[in-house]
Amino acid sequence: MDRIARRLPRARLHFWRQEAYARSQCAILSGFLGTPLSQLPEIERPRKTASPSMRAIDEVQERAPREVSQQRARIVEDIYRRVPREAGETITLISPDVAEKLNAQYQADLALLRARYKEIGQDE
């Protein structure tokens, strides 16, 4: 951010956290556009690119661990379609220990940013 500010000294920099964007898309985008937005259209979550359920991943590993790529792709697609992700289900590929360390670093980074850039605020 310092490099950007040095290169573009008259630019107004806007900051937000991903968590805030998920809650306040209109307000954040309005700030960038300089005009109020009343509402953004609801966009349905894509099914084709959505993460599979953990049960589906486990079934793929059990049923098709060494299949040839095209055959495996068909099996995987079938399993992912049949075994949907549960509402609210999240998948993590990191251990709780690593997640805790990453979260602590994220909180430390936020504290530094908030100290330097007051517009970030405490809870957007």
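The structure we're discussing is the one just above.
Below or above, wherever it landed, is the structure these notes cover. Positions within a chain are numbered from 1, following the residues in the order the chain's sequence is written. pLDDT decides what is reported in this predicted model: residues at 70 or higher carry local features, side-chain atom pairs at 80 or more are listed and counted, and totals for whole chains, interfaces and linings draw on all residues regardless. Side-chain measures here rest on the full set of heavy atoms in the structure, leaving out hydrogens and waters.

### Points about the overall build of the protein
Defined as follows: Per the convention used, a helix needs a DSSP run of H or I reaching at least four residues, while a strand needs a run of E reaching at least two, with both numbered from the N terminus. The contact definition used throughout considers only heavy atoms, calling two residues in contact when any of these lie within 4.5 Å. Note on areas: Shrake-Rupley, 1.4 Å probe, and residue coverage restricted to the protein chains presented here.
Across its full length, the protein holds six helices and zero strands. Taken from the N to the C terminus, the helices and strands of the protein come in the order α-α-α-α-α-α. Contacts in the protein between residues at least 24 apart in sequence constitute 45% of all its contacts with a sequence separation of at least 6. Split by element, the accessible area of the protein, about 10,600 Å² in all, is 54% carbon and sulfur.

### Looking at the nonpolar core
What tends to happen in soluble globular proteins is that the nonpolar side chains get buried as a cluster. Filter applied, for reference: Residues grouped as a nonpolar core are buried Ala, Val, Leu, Ile, Met, Phe, Trp, Tyr and Cys residues, joined through side-chain atoms within 4.5 Å. When a residue's accessible area, from a 1.4 Å probe over protein chains only, is under 20% of the maximum for its type it is buried; when over 50% it is exposed; and in between it is partly exposed.
By size, the foremost hydrophobic cluster in this structure holds seven residues: Ala56, Val60, Ala64, Ile75, Val76, Ile79 and Val83. Listing elements by their share of this core, those giving two or more residues are α4 (54-63) and α5 (69-82). Here this core gets three residues from one element, more than from any other, and that element is α5. Every residue in contact with alanine 56, bar those within four places of it in the chain, is listed here: Ile79, Tyr80 and Val83.

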